[in-house]
Amino acid sequence: FSLNLAADCNAVLKALQPIFQEQGMTETVHNWEDHGYLATYIKKNGSFANLRIHPHGLVLVDLQSYSDHTKGREEVDQLLNKVEERMKELFHGNIKRVKRLPAILRGDVIDRYWPTADGRLVEYDIDEVVYDEDSPFQNIKILHSKQFGNILILSGDVNLAESDLAYTQAIMGSGKEDYTGKEVLILGGGDGGILYEIVKLKPKMVTMVASNIDQMVIDGCKKYMRKTCGDVLDNLKGECYQVLIEDCIPVLKRYAKEGRMFDYVINDLTAVPISTSPEEDSTWEFLRLILDLSMKVLKQDGKYFTQGNCINLTDALTLYEEQLSRLYCPVEFSKETVCVPSYMELY
């Protein structure tokens, strides 16, 4: 509750006390002269409520209970309804805003909560754990969302969902490129989405270096992300493609030494770091190294595609653009903003 006026902490406490007492809850009250009240109410079944009353006009009620049945949830709603009614009686028209947040389900078998790139917490409509394994390198999850289909999550980072063709199309040039007869190098892309879409366009050869060096990602995706990768991960070699399960840095160095050149290099390794201090973040060094090595295997008129980051991370994106002026050769660049459905943010 956000009030239009200062709160009489004692009056609020006395008005709400009977609601919790009716539930058979034991009360403990802490009072700070200039910082209001904290009242804790505990029920015999382990449920408890925290009532925090701030003098400047903010009243917070946090109710926690273990309940896996409809009746328990109804009891919680009824208690909160009574609190809201009593507050409206007490303050009449002086409540600026009432905000009731949905319940957060902790410790559930299915984890629905995943952060966005800019640190906001999103609750997904996950209804099934499709795949959950630890490889020597990372945790690999594929969860099913009612809206987005199966979602690949690597070590807590939402990578790609079956709904996210927009991501794949954007990192390939948004339909503006002609891949017919071209040599293409994909860095990363273990979900197989980019490879699947490019193979359709009749390239001369696509080499995908799945440099997470994690066969388990490929195995999980080829079984549970087939709407994204089709059948291209069933075999590591096809008529016009090959998949290398290797670290991309030695591969890039080898190709540069051999003089092998590509029309397109597509970097699907990692997003731009969130850190705005490249001197203190080894990920920036990694990205600069990948950029320089990629330029060495890119034809003079070739193109390099990569994802940036969430549009809200403006400092990190600006710093990334600054790195482009520090490469060993001059480059021109452009950028495009797209909506990736399962990210729930613009990228």
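Residues numbered from 1 in each chain as written. Predicted model: local features only at pLDDT ≥ 70, side-chain atom pairs only at ≥ 80, totals over all residues. Heavy atoms only, no water.

(A) Representation of the side chain of Ser-2 in the model. For Ser-2, the position within the fold is in strand β1 (residues 2-3). The class for Ser-2 is buried, based on a relative accessible area of 14%. With residues up to four places along the chain from it excluded, the contact list for Ser-2 reads Gly-57, Leu-58, Ile-95, Lys-96 and Arg-97. (Helix = DSSP H or I, 4+ residues; strand = E, 2+ residues; numbered from the N terminus. Buried < 20%, exposed > 50% of the residue type's maximum accessible area, 1.4 Å probe, protein only. Contact = heavy atoms within 4.5 Å.)

(B) Summary view of the state of the cysteines. With the rule as written, the count across this model stands at zero disulfides. Just so you know, Cys-229 is unpaired, no disulfide at all, and the nearest cysteine sulfur is the one on Cys-221, 6.4 Å from it. We classify Cys-229 as buried; its relative accessible area is 0%. The thiol of Cys-310 is unpaired, and the distance to the nearest cysteine sulfur, on Cys-339, comes to 11 Å. Here Cys-310 falls in the buried class, since its relative accessible area comes to 0%. (Disulfide = S-S within 2.5 Å.)

(C) Fine view of the nonpolar core. Membership of the largest hydrophobic core comes to 52 residues, with the highest contact counts inside it found for Leu-195, Ile-198 and Ile-266. If you look at the next biggest cluster of nonpolar residues, it comprises 25 residues, including Leu-291, Leu-293, Tyr-304 and Leu-327. (Core = buried A, V, L, I, M, F, W, Y, C linked by side-chain atoms within 4.5 Å.)

(D) Quick peek at the domain arrangement of the protein chain. Once the domains are mapped, the protein chain shows domain 1 (2-97) and domain 2 (164-325). A separation of 53 Å is found between the C-alpha centroids of domain 1 and domain 2. (Domains from an automatic or database assignment.)

(E) Molecular detail of the sheet that holds strand β13 (residues 183-188). Taken together, five strands build an open sheet; the order of strands is β15-β14-β13-β16-β17 and the sheet is parallel. Of all strands in the sheet, those with a lone pairing partner are β15 (241-244) and β17 (298-306), marking the two edges. When the angles between neighbouring strand axes are averaged without regard to direction, this sheet yields 15°. In this sheet, strand β16 (residues 262-268) lies alongside β13 in parallel orientation, the contact comprising five bridges. Considered in β16, the bridge of Gly-188 is made with Asp-268. (Pairing = 2+ DSSP bridges. Axes fitted to C-alpha atoms, helices over the stretch in contact; angles between N-to-C directions.)

(F) Geometry of helix α1 (residues 9-21). For α1, which comprises 13 residues, the first-to-last C-alpha distance of 18 Å matches the rise-based estimate of 18 Å (1.5 Å per residue) to within 8%. Where α1 bends most, the angle comes to about 25°, and this point is Ala-15, followed within four residues by the proline Pro-18. Within the sequence span of α1, burial applies to Cys-9, Val-12, Leu-13, Ala-15, Leu-16, Gln-17, Ile-19 and Phe-20. (Expected span 1.5 Å × (residues − 1). Bend = angle between axes of the 7 residues up to and from the residue.)

(G) Structural view of the packing of aromatic side chains. For the coordinates displayed, the defined rule picks out eight aromatic pairs. Ring centres 6.2 Å apart and planes at 10° place the aromatic pair Tyr-264 and Phe-305 in the stacked group. Separated by 41 residues along the polypeptide, Tyr-264 in strand β16 and Phe-305 in strand β17 bring together distant segments of the chain. The pair Tyr-264 / Phe-305 is uniform in exposure class, with both members buried. Each residue in the set Tyr-167, Tyr-343 and Tyr-347 is aromatic and connected to the rest through ring pairs, giving one cluster. In this structure, Arg-260 is placed above the aromatic ring of Tyr-255, and the distance from its NZ or CZ to the ring centre is 4.7 Å. (Phe/Tyr/Trp six-rings, centres within 6.5 Å; stacked < 30°, edge-to-face > 60°. Lys NZ or Arg CZ within 6 Å of the ring centre and 35° of its normal.)

(H) Here's a closer look at the sheet that holds strand β12 (residues 157-161). Strand order in the open sheet made by the four strands is β9-β10-β11-β12, with antiparallel pairing throughout. The outermost strands of the open sheet, each flanked by one partner alone, are β9 (126-134) and β12. Mean inter-strand twist for the sheet, computed between neighbouring axes without regard to direction, equals 25°. Strand direction decides the pairing type here: strand β10 (residues 139-145) and strand β11 (residues 149-154), joined by six bridges, are antiparallel. Considered in β11, the bridge of Ser-145 is made with Gly-149. Strands in contact with helix α5 (residues 215-224) are β9, β10 and β11; relative to β9, the strand with the most contacts, it is inclined by about 150°.

(I) Highlighting the pattern of salt bridges. With the rule as written, the count across this model stands at 16 salt bridges. With a closest N to O distance of 3.9 Å, Arg-86 and Glu-89 form a salt bridge. Placement of both Arg-86 and Glu-89 in helix α2 (residues 70-91) is noted, with a separation of three residues, approximately one turn of the helix. Note on Arg-86: relative accessible area 26%, which makes it partly exposed. Ionic contacts of the salt-bridge type, sharing partners, join the residues Glu-84, Lys-88 and Arg-100 into one network. (Salt bridge = Lys/Arg side-chain N within 4 Å of Asp/Glu carboxyl O.)

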